[in-house]
Every structure is written in structure tokens, then in C-alpha cells.
Amino acid sequence: DAKTTQPNSMESNEEEPVHLPCNHSTISGTDYIHWYRQLPSQGPEYVIHGLTSNVNNRMASLAIAEDRKSSTLILHRATLRDAAVYYCILRDSAYSGAGSYQLTFGKGTKLSVIP
Amino acid sequence: GAVVSQHPSRVICKSGTSVKIECRSLDFQATTMFWYRQFPKQSLMLMATSNEGSKATYEQGVEKDKFLINHASLTLSTLTVTSAHPEDSSFYICSARDVRNNEKLFFGSGTQLSVL
């Protein structure tokens, strides 16, 4: 699996935008970029995913670099409930077997939100 | 939205006993479920892929006779930790793929297992 690199931790003030970076310089053309987050003592939660174009949903926006070697998860207004570990994960869509949908989690970025 | 229910949320057991953890997809059919384990301050580690009606596929280093996985229906997978020992104490998390939302995985809320 192509590897991703994220900062260990970041801080944000409440109600300010947060930009969480992810580097994936070895990404292949069939890799989807996924973001999940994990609140304390909870299972991970899907945030957003994309392939080439920027994506928006009610939770966040995903900005993908033109060369796809990096991406940024954007939380438009951080709240205290957004404090979590955010994982950037690549999934190769070239494989269609059931097991191909497994996700390999790295260490993620621990986001702290300051009131 | 799709929901995955995992029970129990917390279990304490004596060394040598077996513990069963259930993972249910509440409003969708899950032909594939995944089981993860997470130790404190570490990331999730995939243990096995559970396929409905067939044997689970275990990751390297995971003992299939110790961690029994059953996926007998499209909405239920179970993980049984047999003859549990203190080193099996961990946070166990299941996830399921909803074929209607191909790229999304939905996760249970996790089970904290403490073996005394």
C-alpha cells in the first residue's frame, strides 16, 4: 500500500478553519484518498474521500494537489467535537476483491481544539 | 446513514475464559466485515477480513484458532477471543462495507476488553 505522512499533532482555536495536511508522494493513479477520524474511545468515522478532484460534504472539504502527491482536509469551523485523531489513508481501487476494501491506518494527526 | 452496532462496549473477564464480540450492520447488508485491534496510544491494526458464508482471512501474526470469526449472515459477524490472557486486553473494532456506498467503511463503536 502507498504510504501517507501526516503531522503527529495540530492545534486549532474553536470556530477557526483547520487545514490538516497529508503527503502521499508514492500514490498511484488508482488510489483513492480517504479521511477518517477517531474520537476518544470510539471507532473511526468516515469523513470524506476523493480521487482527483476536490470534494465537499457537510463535514469537511478535501483539497487534492494537482499532482495528487498531497492533500489537505479542511474543517471550515472547528468545534470542540472535532477534537480527534484524523487519518489519511490510500485505498487502491485497482483491486476489486472483498478484501481490497480494507483500510490500513497509520498514526494520524491528533487535532486539539482550544476553546 | 449506515450504522454498525458493536456489543458489548466493555467487557472484563478472567484469564482463560472466552469472550464473544458481536458486530451488526443495522440497515444494510455487509458481505465483508473487518476486525481491528487497537492498543493504547497506537493506531488500528487489521486482524482479519470476514466474508459472509466463508472462512475469514487473517493477517500475518494473528492466530486464527485464538481469534475465531464467524460471519454467518449478511448482517452479523462475531469475534470470539478464546482462552483470553492479559496480553489480549485491547480495544477491538469492527467495520463493514456497504456495497451501496462503495468507498465508505462504517465502524462499530468498539469493545474494550480487559483480561484479569
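Preceding this section is the structure that the text describes.
These lines cover the structure that appears in this document, whether it is placed above or below. (Residues numbered from 1 in each chain as written. Chains lettered and ligands numbered in written order. Predicted model: local features only at pLDDT ≥ 70, side-chain atom pairs only at ≥ 80, totals over all residues. Heavy atoms only, no water.)

**With respect to the pairing of strand β11 (residues 111–115) of chain B**
Residues and elements named next belong to chain B.
Okay, step 1: Here β11 shows one buried face, formed by Thr 111, Leu 113 and Val 115, and one open face, formed by Gln 112 and Ser 114.
Okay, step 2: Of the pairings in the sheet, the one linking strand β9 (residues 90–97) to β11 comprises three bridges and is antiparallel in character. Looking across to β11, one finds that Tyr 92 is bridged to Thr 111. (Buried < 20%, exposed > 50% of the residue type's maximum accessible area, 1.4 Å probe, protein only. Helix = DSSP H or I, 4+ residues; strand = E, 2+ residues; numbered from the N terminus. Pairing = 2+ DSSP bridges.)

**Details of the interface of chain A and chain B**
Okay, step 1: Counting residues at the interface gives 20 residues for chain A, matched by 20 residues for chain B.
Okay, step 2: Between chain A and chain B, the buried area comes to about 1,600 Å², and carbon and sulfur atoms account for 57% of it.
Okay, step 3: Per-residue buried area on chain A facing chain B is highest for Tyr 101, Gln 102 and Phe 105 of chain A; these three make up 33% of the total on that side.
Okay, step 4: One can count zero salt bridges joining chain A with chain B.
Okay, step 5: Between the two partners, chain A and chain B, sit four residue pairs in polar contact (both at pLDDT 80 or more).
Okay, step 6: Considering every element that reaches the side of chain A that touches chain B, the biggest residue donor is strand β3 (residues 31–38) of chain A, with four residues. (Contact = heavy atoms within 4.5 Å. Buried area = accessible area lost by both parts, 1.4 Å probe. Salt bridge = Lys/Arg side-chain N within 4 Å of Asp/Glu carboxyl O. Polar contact = N/O pair within 3.5 Å; in protein donor to acceptor, adjacent residues only side chain to side chain.)

**Overview of the pairing of β3 of chain A**
All names here are of chain A.
Okay, step 1: When you tally the buried positions in β3, you get seven out of eight residues, the bulk of the element.
Okay, step 2: Across eight bridges, β3 lies against strand β8 (residues 84–92) in antiparallel orientation. Bridging across to β8, Tyr 36 finds its partner in Tyr 87.
Okay, step 3: The sheet contact formed by β3 and strand β4 (residues 45–50) spans five bridges and is antiparallel. Its bridge partner lying in β4, Tyr 36 is registered against Tyr 46.

**Details of the state of the cysteines**
Linking two cysteines covalently through their sulfur atoms gives a disulfide.
Okay, step 1: Enumeration according to the criterion identifies two disulfides over all chains in this entry.
Okay, step 2: Here Cys 22 of chain A is linked by a disulfide to Cys 88 of chain A, with a sulfur-sulfur distance of 2.1 Å. For the disulfide bridge between Cys 22 of chain A and Cys 88 of chain A, the dihedral angle about the S-S bond is near -85°, and by the sign convention the bridge is left-handed. Of this pair, Cys 22 of chain A sits in strand β2 (residues 18–23) while Cys 88 of chain A sits in strand β8, placing them 66 residues apart in sequence. The pair Cys 22 of chain A / Cys 88 of chain A is uniform in exposure class, with both members buried.
Okay, step 3: The partner cysteine of Cys 23 of chain B in its disulfide is Cys 94 of chain B, sulfur to sulfur 2.0 Å. Torsion about the S-S bond of the Cys 23 of chain B and Cys 94 of chain B cystine: about 80°, corresponding to right-handed handedness. Placement of Cys 23 of chain B in strand β3 (residues 19–25) and of Cys 94 of chain B in strand β9 is noted, with a sequence separation of 71 residues between them. Here Cys 23 of chain B and Cys 94 of chain B have matching classes, each one buried. (Disulfide = S-S within 2.5 Å.)

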